[in-house]
Amino acid sequence: MSQIFDQTFQRTLDTLLANAAPGQSFEAWTFDDAKSRREAEERLKKKGVSARIRSAYKPLLFTFLEEINLHGVEAIEVHYPVHANAPANRFRLEAYPLAALVGDAKIDFIARGDDAFHYNVTLKRGDRTETLTVLAPNRVHNDVVGETNVSPTGWFRPAGDATGERLETDYEQLFEAAINAVANHGWGNEEPYFEELNIRVAHPAEDMALPVGDEVVSLREALHEDFYFSLLEFFQKKSGRPLGDRGLKPGQIVPEIVRSNGDVSVRIETRALTTTFLDGKEQPVDTASEPVAAGQIAALLEKIGGEAFEARSRSGRVLAARYVAGSDAAVMISGGQHPNETTGIVGAIRAARTLVERQGAHFTISPLENPDGYALHQRLRADNPRHMHHAARYTALGDDLEYRTRENSGVHLNEKEIRFSAQDMSGASLHVNLHGYPSHEWTRPLSGYVPRNFAMWTLPKGFFLIIRHHADWERQAEALLDRVTRHLGAIPGLLDYNNRQIALYEIHAGETGFRIINGFPCLSSIDDRHTVPMTLITEYPDETIYGDDFITGHTAQMETVLSAYDAWQEILVGEVA
């Protein structure tokens, strides 16, 4: 273990209190939860200071939640800025999920022709029209990899000052100092640079659940996302790779953002790779209400039978898989490539348990392809079960196993061996690869708000299907999408679920950019990178769901596998005929 950085920061709310003089009046915007901001206002009031402290994070949403009375409001217009250094819909996205929180009022988002950091809001109540300006403090800045961002920031505006000035908050200071400490450390030039890079942050903000699906406002979750992806980007640039490259193997980056009793601090250290396992709980797999125990997955695989094969992760954990030989056209089934996407792991097992009972069944099943990531996810869930924990997305090497090849992996083929073995054993021409994505909004507030290279996934938009196929397999891909989406559309409630999420997505993001096939958002593209000619990828909004929502998710994943398997038999029979 080697410490790189350790610092405690004075809380911005305490600084405001210390610096305020009796008789003063001001407005401030900070990265704090509502309870803390109201308590700070009361403390200032006792000092003789009149203050209104607003949220620097999602300021329009919080203005509606905390200050605007919607009684009798029939229509709302939100005119938002468009900045040259941000996506055109950036400030529209930042208002999410406001459209679902205004009752029956009609809401329209209208782009303004300027980039001033405020919203103009119009409220119509019968014959009356009210207008107000909602400040959205932002700054234009360059980040550690030299990219220009437009990011939310703190702000201070004394009474009588129409403009105000930037207030660098504790939240921003902490992030900037920690990122710079990592960037200035001597890492050498050989990947991986470390085993585990641990960033432990204590921050007092409470999460705030919203009455919309799985939506939750979490400053701590946002900090996890910003730390994880910003550090990935730093090491991508250091290695000479382009931003977003998934082949980088820096090691395991682990932001642990825990709730404190009031202090704001960060400690960064390198650690040895964790090989112990805080496992989940065993539960009946068909009705599992949360991620299942890794040990249970291994036991269920044994019961499926067939020929066992395996690979090893960086930490030495076993990736267990099975090959069931039969007379059908073979299909590869996998889950857990990104193990914070948890419904696919259970759905893969459930589908295999069903298929093995069929005469002639022919498939491989590898339900947990990234056990090191799964171990990290279980570890992080213990503290924050409703956070996305994208640090658990990649392997302990820090890469996406999908992007390893026999040619580029060197001595680190590791988990990817399971894919090559599955194809070599089965000869499958279809791979059903079960994934998920965030079931609530995903942001990086200190790095431009919208997750760089993942903008498409910032908001949930229903159960999404992706097909990647070789150039001469387009007709089969279209047939597969048609058959699978028709099957899924017959599952009670699933189309309604899709429609609700897509409608809210369109209000806040604008054009979807994807096709809708039988009620399901889909993408299909030629991709010769895969050795299997046809890959069907599922994307269920699942990263933080539990209970009945989790059961619905892994049931949809299972049904996708079963329908794809059946459709593939029909499609290939048609090819032979």
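Scroll up to find the structure this text is about.
Reading the values: the criteria
Residues numbered from 1 in each chain as written. Predicted model: local features only at pLDDT ≥ 70, side-chain atom pairs only at ≥ 80, totals over all residues. Heavy atoms only, no water. Helix = DSSP H or I, 4+ residues; strand = E, 2+ residues; numbered from the N terminus. Rg over C-alpha atoms; globule rule 2.2 N^0.38 Å. Buried < 20%, exposed > 50% of the residue type's maximum accessible area, 1.4 Å probe, protein only. Contact = heavy atoms within 4.5 Å. Pairing = 2+ DSSP bridges. Axes fitted to C-alpha atoms, helices over the stretch in contact; angles between N-to-C directions. Core = buried A, V, L, I, M, F, W, Y, C linked by side-chain atoms within 4.5 Å. Phe/Tyr/Trp six-rings, centres within 6.5 Å; stacked < 30°, edge-to-face > 60°. Salt bridge = Lys/Arg side-chain N within 4 Å of Asp/Glu carboxyl O. Expected span 1.5 Å × (residues − 1). Parallel < 35°, antiparallel > 145°, perpendicular 65-115°, else oblique. Left-handed = near helix turned anticlockwise from the far one by under 90°.

A. Just the overall build of the chain, in detail. Secondary structure summary: the chain contains 13 helices and 25 strands in total. Taken against the 2.2 N^0.38 rule, which gives 25 Å for 577 residues, the C-alpha radius of gyration of the chain at 25 Å falls within 12% of a compact globule. In terms of its C-alpha atoms, the chain occupies a principal-axis envelope of roughly 85 × 60 × 40 Å. For the chain, with 577 residues in total, the buried portion stands at 60%. Excluding contacts between residues fewer than 6 apart, the proportion of contacts in the chain whose partners are at least 24 apart in sequence is 77%.

B. Focus on the sheet that holds strand β17 (residues 307-312). One open sheet accounts for nine strands, arranged β17-β18-β20-β19-β21-β25-β22-β24-β23; its pairing is mixed. Of all strands in the sheet, those bounded by a partner on one side alone are β17 and β23 (515-517). Taken pair by pair, the neighbouring strands of this sheet meet at an average axis angle of 25°, ignoring direction. In the sheet, strand β22 (residues 464-469) pairs with strand β25 (residues 534-541) via six bridges, with the strands oriented antiparallel. In the strand pairing of β25, Phe464 is matched with Glu539. Most of the contacts of helix α7 (residues 294-304) go to strand β18 (residues 318-324), to which it runs at about 20°, and overall it touches β18 and β20 (363-366). Set on the sheet, helix α8 (residues 343-355) makes contact with β19 (331-335), β20, β21 (430-437) and β25; between it and β20 the angle comes to about 145°.

C. Local environment of the nonpolar core. With 91 residues, the main nonpolar core has Ile76, Leu197, Phe227 and Phe235 as its most contacted residues. Per element, the largest residue contribution to this core is 10 residues, and it comes from helix α6 (residues 219-238). Not counting residues up to four positions away in its chain, the partners in contact with Ile76 are Phe64, Leu70, Val102, Ala105, Lys106, Ile107, Asp108, Val121, Thr122 and Leu123.

D. Fine view of the packing of aromatic side chains. For the structure on display, the rule yields 23 aromatic pairs. Arranged with centres 5.3 Å apart and planes meeting at 70°, the rings of Trp457 and Phe464 form a pair that is edge-to-face. For the pair shown, Trp457 and Phe464 are each scored as buried. One aromatic cluster is present, formed by Trp187, Tyr193, Phe194, Phe234 and Phe235 through successive ring pairs.

E. Region of the structure containing the side chain of His224. With respect to the helices and strands, the residue His224 is situated in helix α6. If we skip the residues at most four places from it in the chain, His224 touches Pro255, Ile257, Leu380, His389, His390 and Ala391.

F. A look at the pattern of salt bridges. Counting across every chain of the model gives 51 salt bridges. The closest approach of N and O atoms between Arg241 and Glu191, which form a salt bridge, is 2.4 Å. Taken as a pair, Arg241 in the loop between α6 and β15 (252-259) and Glu191 in the loop between α5 (170-183) and β12 (196-203) lie far apart in primary sequence, 50 residues in all. Using a relative accessible area of 26% as the deciding quantity, one classes Arg241 as partly exposed. On the accessibility criterion, Glu191 (25% relative accessible area) is partly exposed.

G. Inspection of α8 at higher detail. The end-to-end C-alpha separation of α8 is 18 Å, in line with the 18 Å expected for 13 residues at 1.5 Å each. Across the 13 residues that make up α8, a large majority, 11, are buried. Looking at α8, one finds that the buried residues are Thr343, Gly344, Ile345, Val346, Gly347, Ala348, Ile349, Arg350, Ala351, Ala352 and Leu355.

H. Structural context of the environment of Arg515. Along the chain, the position of Arg515 falls in strand β23. Overall, Arg515 belongs to the partly exposed group, its relative accessible area being 37%. Apart from residues lying up to four places away in sequence, Arg515 is in contact with Glu478, Phe520, Pro521, Cys522 and Ser524.

I. How the structure looks around the sheet that holds strand β16 (residues 264-271). If you walk across this open sheet you meet the four strands as β1-β16-β12-β15, and the pairing is mixed. This sheet does not close on itself; its edge strands, each paired only once, are β1 (2-9) and β15. Averaged over neighbouring strand pairs, the angle between their axes works out to 10° when direction is ignored. Note that β12 and β16 share seven bridges and pair antiparallel.

J. Spatial organisation of the packing of helix α1 (residues 12-19) against helix α2 (residues 34-46). With their axes 10 Å apart at the nearest point, α1 and α2 run at an angle of 15° to one another. When the axes of α1 and α2 are compared, the pair comes out roughly parallel. As α1 runs across α2, the sense of the crossing is right-handed. Of the residues in α2, those touching α1 at Leu13, Asp14, Leu16 and Leu17 are Ser36, Arg37, Ala40, Arg43 and Leu44.

K. Layout of the pairing of strand β10 (residues 154-158). Burial analysis of β10 places four of its five residues in the buried class, the great majority of the element. Across four bridges, strand β2 (residues 25-30) lies against β10 in antiparallel orientation. Considered in β10, the bridge of Ala28 is made with Phe156. The sheet contact formed by β10 and strand β11 (residues 165-167) spans three bridges and is antiparallel. Bridging across to β11, Phe156 finds its partner in Glu165. Hairpin connection of β10 to β11: six residues between the antiparallel strands, including Gly160 at a positive phi of 90°.

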